Amino acid sequence: MRLAMSAMKSVLPTRRSARLAMAAFALSGVLSAVVVVGNVHPRSAAAAAKQSSTLSNPNLLSDPSFEQPGLRPWYAAPGQNWAVYQSSAAPVDDHYLETNSGSSSSPSVYQDVGAVPTVGQSYEGSVLLRSPSSTPITVALVLWGLGGSVTEVGQTQITVSSSTWTRYYTDIDVAKPGHTDLRLQIYLGAGTNLDVAGATLQDAGVSDAGFAQGLGPWRVDAGQNWVIYGSPSAPAGRYYLETNSGSSSSPSVYQDVSTTPVEGHSYQASVILRSPSSTPITVALVLWGLGGSANEVGQTQITVSSSAWTRYYTDFDVAKPGHNDLRLQIYLGAGTNLDIAGATIEDTGVADAGFDQPGTGPWTVSPGATSSIASGSGAVTGRTWLQTTTGGAASSSFYEDIATNPVAGHSYTASVFLRSVTGGPISVSVVIWALGGSATEVGQTQATVGASWQQYSTVLDVVNGGHSDLRLQVYLNTAGQTLAADAPSLPDVSIDPPLGPPSLIRGVGVYGPSSLQSISAAVNQGWSEIGETGGLGTTSSPYTSGLLSSPDLAAAKAISAANHPVTWLSFWTVSAPVANDTWHSDGYSAGQYVAAYLDSVSSRVKPAFVILDPEGYPNGEPNEYPGNSSDWASWIQGWSAGILSVDSSLTPALYVDQYEYSAFSISSLRLPVFVAIAPILGNYPGNGDSFTPGANVDGYSAFTAGCPAQSYETTMQSWGASYNTMQFADSGSDCGP
C-alpha cells in the first residue's frame, strides 16, 4: 500500500489535454423544461426486437478507488492539484483522491474505458464525493460516448457541500453507433478541495434508463398521466419521469428486458424515486422473471414521502429455468405524483442476495455466532434480511464463495447494505477475497455501522492469476450488538481488457525503424503501431542512455504529423546493476532518466508504453537479467516508480521472451508486458514451451516479417493480444499493412 501523500501535487497528462475542452460544455449546459408529454404509444415490432442474452454488469473501470501508484489510469487537467490519501476512514477500501482546481481553468478527473457501447442500451456511472471542509463546490458528473461520427453525453450537475461521503449518479442512453470508448469524468469548480472514491461504470441493464428517449421502451397503463422533465438537478443524467394514476385503476411503469436469467442466480433492480410534493405515495418495486413454465417475482413494498431523491431496490432468486425476459415494474398508488429516474437491473453475482432461501442458504456464518432471517417491511430489498451477532466472541463473520476465475489486472467491486438492529455503533470490515492459486489476495473496507440502512462497498484489484473463487465476507467486530445485512452484490467480471492506457489503437504494427524518414514512412504507410528503441544499456547508473540519433524524437515528430492515430511503443535497454547497487535502484534510476529524457523530447506527444528491455550492454557482453522472481519484481517496481516519479502520465511496461515470462512469474506483475516470439508464420504463443499468457500480456513483438505483410498480420492477430509489432529483417518499414 502507498503511504498518504503529505501535500498536493500537480500532474500534466499531456496526451489527454485536447479533450479537456469539453469541460466548458458540461458545466455551462442548462436544460429546458418539459421535453415530451403524452400517453403510451405502441412500440413497433422492429423496435421491440432484441437479441436475448444474459446480463453482464461488471464495473468497467480500472482502479476505481485509486489503489494503484500515481493517478493512472485516471487523468487530471494540466495545473490541477491532486493527492491520493491512505486512510482507514476511506469509504471504499483505504484510499481516496483529493483534488482542487489549482491553476487549471477546466479542472476534472476522468478515466476512459475502451468499450463499444450498444446502441439503445444505457450505462450508469457513479462516484462517492465529499467536500472535506464542507465548503460548497459545484460538480458535473459526466458520462461520454466517444468515437464514431457523433459524441454523446449524459451528465448530472450537483453541489457537494457536506463532509459526509455521498454517492452521486449519472447515465447515458446510447443512441448513436460507432463509439469506441466510454469516459467517466468529474468536473469541479474552482478553489475548494473535492474528495473522490468508489467510482463505478456499469451497463445499466435496461434501455433508456435516464428517459432521454422520452418514454422509449417504457410502458404505462392506459389512462395514466406522465411527462418527461429535463433538469440539471435530476439525480441521474438530465431527465426524469413524472407520473400519476390519472384514470387508470392499475397504474405502473415498466420495461421488459430480453435476457436469459440464469437458474440459481439473484437479480437486483433499483430505481431513484421521490414524491415531489412530499405527499406519501405507496409504491411496489417489482422484478419479474417472465416466460418458461412459470413466472417468478420479487418485490419491495415502500412508501415514498420525501421530495429528496432516494434509491430503492428489489431482487429475486431464479428458481425455475426457461425465462426469456426480466421485467422491472413500478406500481404506484392513486392520485399523487411520483418522480422516477436512474433505473438499473443487474446480476448480483451472489446467490440468495435477498436472504430468501431456507436457513442461511449459501451463506456461511462463523461458528459460535448467532444468526436468523428477519422478515418485514423494513428490508432494503424484498421482505427478508440476515441478522447476526458475535455470540459472545470478540468477532464473527458471514460469507459466500463464488466459483469464478478472477482475472489478474482487473478490479472487483462488492457492496452490501448494513444496519445496527440494536442501535449501537458496530465496527465492521467488508472484504473481498480472491482464493486459490499461489497467493490469496484481499481488499477490505473498515466502517462503523449505525441504526439506518447504508450501503458499504469495497474493491479488490487482482494482481495474481490462478484464483478459483471470490469470497464476499462481512466481519462483525463489536460484541453485544446485532448486525442486519441485505442486498449484497459482487457482479462477476468476464472481460479481459489490456492494462495499458485507454483509447489506444489496437492491432499489429511495425518495430525497428529509427530515423525520422523511416518512422514517417511507416506512419504514412498506415501502420497504427510503431515500436522503436530509444536507448541502450550502460555499465553504470542510470544503466541506460538515449541514442544520439534519438529515435524517440523522430517518433514524436512523425506521429505529430500523422493523419491517423498511432500507438507508440518506446523500448529501452537497461543493463544489470553493478556492485553496491540493487535491482530496485537500478530500475529506479533508469526509469527517472528515461522519463526525463522523454519529457525533453516532447511535452505534447508521449509514447503509449515505456518498455524496459533486459538485453544487457551495448558492447557485446552477454545479456544479464535477474535470476529469480523476487529480483524481477524488485527491478520492475523500481522501473515503474522511477518513471512515475518524473511523469505520471507515462505507462511503464516490460519486454521479455517466453522463457523469462514463464520462469520468473512475470504473469504476477501489475504492468503491461510485451513478449518476444519468433518466427511468425506457423507459430503461436506457447508453441513448444511452457509459456501461457496471463492477463498482463498486452502485446507480442515478433521476428521476422516479410512483404506482403498481410499473412504476418493475420497470424499475429490470431494470438489475441492488443498492441503488437513485427520486425522486418532490415528493421525498416519495407511495406505497408
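Residues numbered from 1 in each chain as written. Predicted model: local features only at pLDDT ≥ 70, side-chain atom pairs only at ≥ 80, totals over all residues. Heavy atoms only, no water.

When helices and strands are counted, the protein shows 8 helices and 41 strands. Taken over 737 residues, the protein has a buried fraction of 59%. Partitioning the contacts of the protein with sequence separation of at least 6, the portion at a separation of at least 24 is 76%. (Helix = DSSP H or I, 4+ residues; strand = E, 2+ residues; numbered from the N terminus. Buried < 20%, exposed > 50% of the residue type's maximum accessible area, 1.4 Å probe, protein only. Contact = heavy atoms within 4.5 Å.)

Turning to the packing of helix α3 (residues 516-524) against helix α4 (residues 551-560), a few remarks are in order. Viewed as axis vectors pointing N to C, α3 and α4 meet at an angle of 40°, and their least axial separation amounts to 9 Å. Relative to α4, the element α3 is oriented oblique. In the packing of α3 onto α4, the handedness of the crossing is right-handed. In contact with L516, I519, S520 and V523 of α3, α4 contributes P551, A554, A555, K557 and A558. For the contact of α3 with α4, the class distribution of residues is 7 nonpolar, 1 polar and 1 charged. (Axes fitted to C-alpha atoms, helices over the stretch in contact; angles between N-to-C directions. Parallel < 35°, antiparallel > 145°, perpendicular 65-115°, else oblique. Left-handed = near helix turned anticlockwise from the far one by under 90°. Nonpolar A, V, L, I, M, F, W, Y, C, P; charged D, E, K, R; others polar.)

Here we take up helix α5 (residues 583-601). Compared with an ideal rise of 1.5 Å per residue, which puts 19 residues at 27 Å, α5 spans 27 Å between its outermost C-alpha atoms and is within 8% of the ideal. Listed as buried for α5 are W583, D586, G587, S589, A590, G591, V594, A595, Y597, L598 and V601. Turning to α5, the residues buried within the fold contact β35 (545-546), α4, β36 (567-573), β37 (609-613) and α6 (629-646). (Expected span 1.5 Å × (residues − 1).)

Below, the discussion takes up the sheet that holds strand β21 (residues 325-332). Read across the sheet, 5 strands follow the order β13-β16-β21-β18-β19 without closing on themselves; strand pairing throughout is antiparallel. Two strands bound the open sheet, and with one partner strand each, they are β13 (219-220) and β19 (296-304). Summarising the sheet, strand β16 (residues 252-258) and β21 pair through 7 bridges and their orientation is antiparallel. Bridged to S258 within β21 is D325. (Pairing = 2+ DSSP bridges.)

Under the defined criterion, the tally for this structure stands at 1 disulfide. Two residues, C707 and C735, share a disulfide whose sulfurs are 2.1 Å apart. Between C707 and C735, the S-S torsion sits near -100°, and that sign places the bridge as left-handed. Highlighted residues: C707 in the loop between β40 (697-705) and α8 (710-717) and C735 in the segment after β41 (723-728), separated in sequence by 28 residues. Its relative accessible area of 45% is what places C707 among the partly exposed residues. Overall, C735 belongs to the buried group, its relative accessible area being 15%. (Disulfide = S-S within 2.5 Å.)

This brings us to the environment of A576. Mapped onto the fold, A576 is located in the loop between β36 and α5. Relative accessible area serves as the criterion here: at 3%, A576 is assigned to the buried category. Between the alpha carbons of A576 and T539 there is a distance of 8.0 Å; along the sequence they are 37 residues apart.

Another aspect to go through is the packing of α5 against α6. Axis separation between α5 and α6 bottoms out at 6 Å; the angle between their running directions is 30°. Our classification of the angle between α5 and α6 gives roughly parallel. Here α5 runs over α6; the crossing is right-handed. Two secondary-structure elements touch here, α5 through W583, H584, D586, G587, Y588, A590, G591, Q592, V594, A595, A596 and D599 and α6 through D631, S634, W635, Q637, G638, W639, A641, G642, I643, S645 and V646. Of the residues assigned to the contact of α5 with α6, the class counts are 11 nonpolar, 9 polar and 3 charged.

Bringing the sheet that holds strand β23 (residues 364-365) into the picture now. Across the sheet, 5 strands lie side by side as β23-β26-β31-β28-β29; this open sheet has antiparallel pairing. For this open sheet the edge positions go to β23 and β29 (441-449), each flanked by a neighbour on one side alone. Here 2 bridges tie β23 to strand β26 (residues 396-403), and the two strands are oriented antiparallel to one another. For V365, the partnering residue across the bridge sits in β26 and is F398.

On to α8, then. Of the positions making up α8, those classed as buried are Y712, E713, T715 and M716. In an axial view of α8, the angular spread of the buried residues amounts to 165°, which keeps them on one side of the axis. (Arc of directions from axis to C-beta.)

Another aspect to go through is the environment of A175. When you line up the elements, A175 lands in the loop between β10 (166-173) and β11 (181-188). Along the backbone, A175 and G120 are 55 residues apart, and their C-alpha atoms lie at a distance of 5.7 Å. Those residues in contact with A175 that sit more than four places away from it in its chain are V119 and E152.

A separate point is the packing of aromatic side chains. Considering all chains together, one arrives at 28 aromatic pairs under this definition. The interplanar angle of 85° and the centroid separation of 6.4 Å between the aromatic rings of W385 and W453 together place this pair among those described as edge-to-face. One end of the pair, W385, is in strand β25 (residues 384-389); the other, W453, is in the loop between β29 and β30 (454-461), with 68 residues separating them in the sequence. Overall, the relative accessible area of 23% leaves W453 in the partly exposed class. Within the aromatic cluster, the residues linked to one another by ring pairs are W583, Y625, W632, W635, Y659 and F664. Here R183 stacks its cationic end above the ring of Y110, 3.9 Å away from the centre of that ring. Its end group placed over the ring of Y240, R274 keeps NZ or CZ at 5.3 Å from the ring centre. (Phe/Tyr/Trp six-rings, centres within 6.5 Å; stacked < 30°, edge-to-face > 60°. Lys NZ or Arg CZ within 6 Å of the ring centre and 35° of its normal.)

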